[in-house]
Amino acid sequence: MPPSSASTSAAAARPAAAGGGVQSLERAFDLLERMADAGGEVGLSELSTSSGLPLPTIHRLMRTLVACGYVRQQPNRRYALGPRLIRLGESASRLLGTWARPYLARAVEETGETANMALLDGDEIVYVAQVPSRHAVRMFTEVGRRVLPHSTGVGKALLAGHPPEEVRALLGRTGMPATTEKTITDPDTFLDALEEVRRTGYAMDDNEQEIGVRCLAVPVPDSPTAAAISISGPTGRVTEASIDKIVPVLQEIAAELSVALANQNPA
């Protein structure tokens, strides 16, 4: 997920126990989010600096999170996100996919092509929902499939919201293997492509993940977790001429999905 300048500033501006909430619970979740933003492993002093909380408070909260299995202490005394979070994340992803499916179905109805929803999980793209096209020749991406972001439309749509230095760091960790001869394998060229995404408001995978397939993707604005939706189909149907029709449909549906997701998370 994007480093949480938004979540960090929101946490800083948040009252000690907003809306009558339990302060220690809010602080614990804030620490988990900060750990995720830092790559999943941090030291207590780093958490103290970023959160503004005193070390004894952080130590007490971390002891509780370790005891519950949501955090583990490494041999080097640093703390890492724990395995129990995986089950919560998988359940949340499934639920997110369930909420998204009616909106993807509408995208299929209006564009005729397979519609997908994907998240950025660590350094990978994970597909959490799909509604297939009714065409006999159609694209199929298994829900739960993971791919590297540099060769996908949804990956570009999601990474366009990240600062360039963070994108470079991600690409350095994953490498940029070529899936096809059209895959972008140069970081500077990829960053130029992300600038184009920011300018136009949509991303395209043009034969970069699979020859003969074109994908158009847009981010879901203000999603509780960074998400993107896309349509994908044969290049013979998803033509350059069809982009002007398809992109506004995707943007409208993404905006409506954003409102629906926000309503599932009342303040």
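Residues numbered from 1 in each chain as written. Predicted model: local features only at pLDDT ≥ 70, side-chain atom pairs only at ≥ 80, totals over all residues. Heavy atoms only, no water.

A short note on the pattern of salt bridges
Right, on to step 1. According to the stated counting rule, one finds 15 salt bridges in the structure shown.
Right, on to step 2. The salt bridge involving Arg34 is made with Asp30; its shortest N-O contact spans 2.8 Å. Of this pair, Arg34 and Asp30 both sit in helix H2 (residues 23-37), separated by four residues, roughly a single helical turn.
Right, on to step 3. You can call Asp30 buried: its relative accessible area is 11%.
Right, on to step 4. Note that Asp123 is salt-bridged to Arg173, the shortest N-O span being 2.7 Å. Linking Asp123 in the loop between strand S4 (114-121) and strand S5 (124-131) with Arg173 in helix H7 (residues 164-174), this pair joins segments that are 50 residues apart in sequence. (Salt bridge = Lys/Arg side-chain N within 4 Å of Asp/Glu carboxyl O. Helix = DSSP H or I, 4+ residues; strand = E, 2+ residues; numbered from the N terminus. Buried < 20%, exposed > 50% of the residue type's maximum accessible area, 1.4 Å probe, protein only.)

With respect to helix H4 (residues 55-68)
Right, on to step 1. Given a rise of 1.5 Å per residue, 14 residues ought to cover 20 Å, and the 20 Å separating the end C-alpha atoms of H4 matches this to within 8%.
Right, on to step 2. Restricting attention to buried positions, one finds in H4 the residues Thr57, Ile58, Leu61, Met62 and Leu65. Projected down its long axis, H4 shows its buried positions confined to an angular sector of 125°, all on one face. Relative to its buried face, H4 has exposed residues pointing more than 90 degrees away, namely Pro56 and Ala67.
Right, on to step 3. Buried residues belonging to H4 abut H2, helix H3 (44-51), strand S2 (71-73) and strand S3 (79-81).
Right, on to step 4. Positive phi appears at Gly69, one or two residues downstream of H4, with a value of about 90°. (Expected span 1.5 Å × (residues − 1). Arc of directions from axis to C-beta. Contact = heavy atoms within 4.5 Å.)

Comments concerning the sheet that holds strand S8 (residues 213-219)
Right, on to step 1. Taken together, six strands build an open sheet; the order of strands is S6-S5-S4-S9-S8-S7 and the sheet is antiparallel. The sheet is open, and its two edges are formed by strand S6 (146-147) and strand S7 (203-206), each paired on a single side.
Right, on to step 2. Pairing of S5 with S6 involves two bridges; the strand directions are antiparallel. Its bridge partner lying in S6, Ile125 is registered against Val147.
Right, on to step 3. Where helix H9 (residues 243-263) meets the sheet, its contacts fall on S4, S7, S8 and strand S9 (227-234), and the angle it forms with S8 comes to roughly 40°. (Pairing = 2+ DSSP bridges. Axes fitted to C-alpha atoms, helices over the stretch in contact; angles between N-to-C directions.)

Let's talk about the environment of Ala203
Right, on to step 1. With respect to the helices, strands and loops of the structure, Ala203 is situated in strand S7.
Right, on to step 2. Classification of Ala203 as buried rests on a relative accessible area of 0%.
Right, on to step 3. Spatially, the C-alpha atoms of Ala203 and Val218 are 6.3 Å apart, while their sequence positions differ by 15 residues.
Right, on to step 4. Not counting chain neighbours up to four residues away, the residues in contact with Ala203 comprise Gly153, Lys156, Ala157, Val197, Cys215, Leu216 and Ala217.

Let's talk about unusual backbone geometry
Peptide bonds are mostly trans, and most non-glycine residues show a negative phi.
Right, on to step 1. The phi angle at Arg77 is positive, at roughly 80°, despite the residue not being glycine.
Right, on to step 2. Considering the arrangement of structural elements, one finds Arg77 in the loop between S2 and S3.
Right, on to step 3. The residue Asp222 is not glycine, and still its phi comes out positive at about 55°.
Right, on to step 4. Within the secondary structure, Asp222 sits in the loop between S8 and S9.

Points about H2
Right, on to step 1. Look at H2: 21 Å from first C-alpha to last across 15 residues, which is about the 21 Å you get at 1.5 Å a residue.
Right, on to step 2. Within the sequence span of H2, burial applies to Glu26, Ala28, Asp30, Leu31, Leu32, Arg34 and Met35.
Right, on to step 3. Two residues or fewer after H2 comes Gly39, characterised by a positive phi angle close to 100°.

Digging into the pairing of S4
Along any regular strand the residues' side chains alternate between the sheet's two faces.
Right, on to step 1. Here S4 lies mainly inside the structure; seven of its eight residues are buried.
Right, on to step 2. In this sheet, S5 lies alongside S4 in antiparallel orientation, the contact comprising seven bridges. Its bridge partner lying in S5, Met117 is registered against Ala129.
Right, on to step 3. The turn linking S4 back onto S5 is made up of two residues, and Gly122 within it adopts a positive phi angle of 65°.

What about the nonpolar core?
Right, on to step 1. If you look at the biggest cluster of nonpolar residues, it comprises 28 residues, and the most contacted ones within it are Met117, Leu216, Ile229, Ile231 and Leu250.
Right, on to step 2. Elements represented by at least two residues in this core include exactly helix H5 (84-111), S4, S5, S8, S9 and H9.
Right, on to step 3. Here the element with the most residues in this core is H9; it accounts for nine residues.
Right, on to step 4. Not counting chain neighbours up to four residues away, the residues in contact with Met117 comprise Leu96, Ala100, Leu104, Val126, Tyr127, Val128, Ala129, Ala227, Ala228, Ile229, Leu257 and Leu261.
Right, on to step 5. Counting residues in each nonpolar core, the second largest holds 23 residues, with Leu120, Tyr127, Val154 and Leu170 among its members. (Core = buried A, V, L, I, M, F, W, Y, C linked by side-chain atoms within 4.5 Å.)

In short, shape yes, function no, at least from these values alone.
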